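# Summary of structural features
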Amino acid sequence: MATSSSTIHHHSPIFKLTHSPDSTHSNTIKPLTIHCKKKTGANSPFEPKKSVFVDYDRGEHDVSTRVSGLRKSDIPRRHRLVVEGNRFQKDWTVSEVVEKVLELKRFEDVEGVLNQWVGRFARKNFPFLIKELTQRGAIEHSNQVFNWMKNQKNYCARNDIYNMMIRLHARHNQTDRARGLFFEMQKWRCKPDAETYNALINAHGRAGQWRWAMNIIDDMLRAAIPPSRSTYNNLINACGSSGNWREALKVCKKMTENGVGPDLVTHNIVLSAYKSGAQYSKALSYFELMTGTNIRPDTTTHNIVIYCLIKLGQYEKAIDLFNSMREKRAECDPDIVTFTSIIHLYSVSGQIENCKAVFNTMLAEGLKPNIVSYNALMAAYASHGMSREALSVFNEIKKNGLFPDIVSYTSLLNAYGRSQQPVKAREVFNMIRRNKLKPNLVSYSALVDAYGSNGLLAEAVEVVREMEQDGIQPNIVTICTLLAACGRCGRKVNIDAVLSAAEMRGIKLNKVAYNSAIGSYMNVGEYEKAIALYKSMKKRKVMPDSVTYTVLISSCYKLSKYSEALSFLDEMMDLRIPLTKQVFSSAISAYSKQGQVAEAESMFNLMKTSGCAPDVITYTAMLHAYNAAENWEKACALFLEMEADNVQPDSVACSALMRAFNKGGQPSKVLVLADFMREKDITFCDAIFYEMVSACSMLRDWKTTIDLIELMEPSFFVVSIGLLNQLLHLLGKSGKIESMIKLFFKIVSSGVEVNLHTYSILLKNLLAVGNWRKYIEVLQWMEDTGIQPSNGMIRDIVSFAQTSGGAEYATIIQERIESLKRKSGESSF
């Protein structure tokens, strides 16, 4: 094959372009290779040069960075004489050596390749050789090359080589080997530096060994090596990734005390620590504090916040944040993780059409979905039994060159199970093994549910046996699934058998299992056994919940056992189980939680037709059901029905309707309903005041807010401090600082015991308007009442003095703070 080359000159870079035309088909364009380098005075042998490979026929391209290194002409003359004329000695570049090593399948052949390399006589090549290998992630090849390197006469141990090797082992979660390299480098008289300790902390953090990471930083301090920001970030990440968010915060605090300020990476790691520790509300509070600083959140920050909002059920806020990212208001674009989170959001909220719309939007914006994105869309379809759509996504995964994982197969299996196609569910399960994947506990449980939910109890039990033979022990979820299947199948004996099997395997029944068993017994008419199991549940100190009583109550009504249902109501009241004050209200609340409003209405109508007139508690439960379904019109109609039936609404019922108005975007009707309550002489409770405050906030009606405070003032001593704090926050946020202070005095004079959060609200709003004199005065109030100000409160006023107070006031503020410290006598003030 003939070879031709041409060179194209530009002003700054030099492009060397080569291509190989076919001698027989001269019109066919063959792959081109372009070598790029910058014009410099002298070409450094270790200067990276980019190489671009383009294949126009196949539509492929590749960009790589190549390093030449020291060649034959650069090595000492005595070594050149040794290799001169030896046809086995190759004058390869460093990048060529890396490629030849990576091509080897047998690691023992690595030494033979390296011994042919002329560049081995120049030890300056060694760090760049290791660098390229570790960047490729080839851990076994890197170990072989490193061992060969240590046997070379001209080898000299270097920190950077060991650091690269430790980082490589950290990426592969080989903590013990990383630690071994740490001790080995010291034997070679290499003193670990900050980068070494960072790599070792990162290795232990990835393995979840946060205590080891804490010990390492202590060793680092004993070695008189100051930790850098990266060190602290790695340590915070080590604690946070293990779910120890409290330890992560301690490290963050220590980091600030040592004069190393946090950066965006630090804040993201702290947010991630809250997320890993399931502290979603704290993560949102931290984000609010973060936005008040000069650090601008990035896409990773917003992704964590969206995840936390979804976990807390604050879907609207998550959608608003997502839209702000797309509209560039947040100055960071949503990535594949963002879109996947929003798909999951719409999935859990039941908006399946929106899941597909978000997925299509992701494609339209040029993002390539990964396996997690496809799985999220499949899970959305599977949760609603949309097997055809789930199968379409499954096929699309393979079509786009990805490989379905165990989650993909389990989602498809679940889709067939919920669409009452257990045979196809079994086919998908068999596909898992054929594609060299191992079914896990979730996969088996999905198959058990597929059989059980379709009444095929024998097949479901057989799957459990197969599961045990595969070395996977059934858990409480498996038992619950079997119990529910027994109830649907009407098999009395099998319920006992499942409970016995659970006891034999040492599986302790939890609330969910007891609820499933009680429901199954009720479904087959075994009332006495259900009651006996309920008594056993309490005897074993497994406290019944609202679901337990809902199962009992709904089953009693099906069996026309109304007196027994009333007795369960008495027990609910004695146990103070929330959200359920009567039997029917408990059943209706359960249906509303599941989104089954029609069933809730059916239960409500059944109550009326059975001769048991609905009371205010039942009406209130139905109001909650309509609120959950966002059916505001029916909620209003039901309230009118209460009046027609001469059922006097109480404060709980009114608060439920007020909540409907607020959520429905009609806050003005809340204030109208409040006037109605005054006319009917209905007591205003905490919940009523809360909804009125929310309505005033949405309407920005400050006059009504002031009137509401006057209305609440006589009952301040019975109003929760949380609601009073909300009022203080509302006034402060609106800029009415004087009204906020007056309200605070009224709260204190009424005998209400204020807490640290109350003072925190006052201080934040005072500092927001720059009233530092009042800020210090409030700190003095706290001292007088015995409430110790937090370190954050002191830091805030000191920071204000340094940044916004000016030189004149900064001194005064500092003197006031020092005076407070002397009075308190507390070093931690």
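Please refer to the structure higher up on the page.
Residues numbered from 1 in each chain as written. Predicted model: local features only at pLDDT ≥ 70, side-chain atom pairs only at ≥ 80, totals over all residues. Heavy atoms only, no water.

### Points about the overall build of the protein chain
Note the threshold: Numbering of helices and strands runs from the N terminus, with a helix taken as a DSSP run of H or I at least four residues long and a strand as a DSSP run of E at least two residues long. To sort residues, take the accessible area from a 1.4 Å probe on protein chains only and compare it with the maximum for the residue type: under 20% means buried, over 50% means exposed, and anything in between is partly exposed. We call two residues contacting when some pair of their heavy atoms lies within 4.5 Å. Every accessible area reported is derived by Shrake-Rupley at a probe size of 1.4 Å, with residue values counting cover from the shown protein chains alone.
Helices and strands together make up the secondary structure of the protein chain, namely 43 helices and 5 strands. Classification of the 829 residues of the protein chain by burial places 45% in the buried group. Taking contacts inside the protein chain between residues at least 6 apart in sequence as the whole, the part at least 24 apart equals 57%. Surface exposure of the protein chain reaches about 42,700 Å², of which carbon and sulfur atoms provide 51%.

### Overview of unusual backbone geometry
Residues other than glycine seldom take positive phi values, yet Ala224 does so here, at roughly 60°. The topology assignment puts Ala224 in the loop between α9 (210-222) and α10 (229-241). Its relative accessible area of 66% is what places Ala224 among the exposed residues. Even without a glycine there, the phi angle at Gln420 is positive, about 60°.

### Some points on the side chain of Glu132
What counts, and what does not: Charged-residue counts in this description rest on Lys and Arg as positive and Asp and Glu as negative, His and the chain ends being excluded. Salt bridges are identified by distance alone: a Lys or Arg side-chain nitrogen within 4 Å of an Asp or Glu carboxyl oxygen. Between N or O atoms, a polar contact is any pair within 3.5 Å; within protein, one atom must be a potential hydrogen donor and the other a potential acceptor, and residues adjacent in sequence are included only when both atoms are from side chains.
Mapped onto the secondary structure, Glu132 falls in helix α4 (residues 125-136). Summary of buried charges: Glu132 has no salt-bridge partner, and the nearest side chain of opposite charge, Arg136, is 4.0 Å away. Within the structure, the side chain of Glu132 is placed 2.7 Å from the side chain of Ser95, a separation counted as a polar contact.

### Focus: the packing of aromatic side chains
Spelled out, the test is: Geometry of aromatic contacts follows a simple scheme: Phe, Tyr and Trp rings, the Trp one being its six-membered ring, pair when their centres are within 6.5 Å, and the pair is stacked under 30 degrees between planes, edge-to-face over 60, tilted otherwise.
Applying the stated criterion across every chain, the model contains 16 aromatic pairs. Judged by centre distance (5.5 Å) and plane angle (65°), the rings of Phe182 and Tyr197 are edge-to-face. Of this pair, Phe182 sits in helix α7 (residues 175-187) while Tyr197 is found in helix α8 (residues 194-206), placing the two residues 15 residues apart along the sequence. Between Trp245 and Tyr274, the aromatic rings sit 5.7 Å apart at their centres with planes inclined by 40°, giving tilted as the arrangement.

### A closer look at the environment of Tyr280
Take Tyr280: it is sitting in helix α13 (residues 280-291). Residue Tyr280 is classed as buried on the basis of its relative accessible area of 17%. Leave out the neighbours within four places in its chain, and Tyr280 touches Lys275, Tyr307, Cys308, Lys311 and Leu312.

### A look at the environment of Tyr155
When you line up the elements, Tyr155 lands in the loop between α5 (139-150) and α6 (159-171). On the accessibility criterion, Tyr155 (8% relative accessible area) is buried. Separated by 33 residues in sequence, Tyr155 and Ala122 place their C-alpha atoms 9.0 Å apart. Once you skip the residues sitting within four places of it in the chain, Tyr155 turns out to touch Phe126, Phe146, Met149, Lys150, Ile161, Tyr162 and Trp188.

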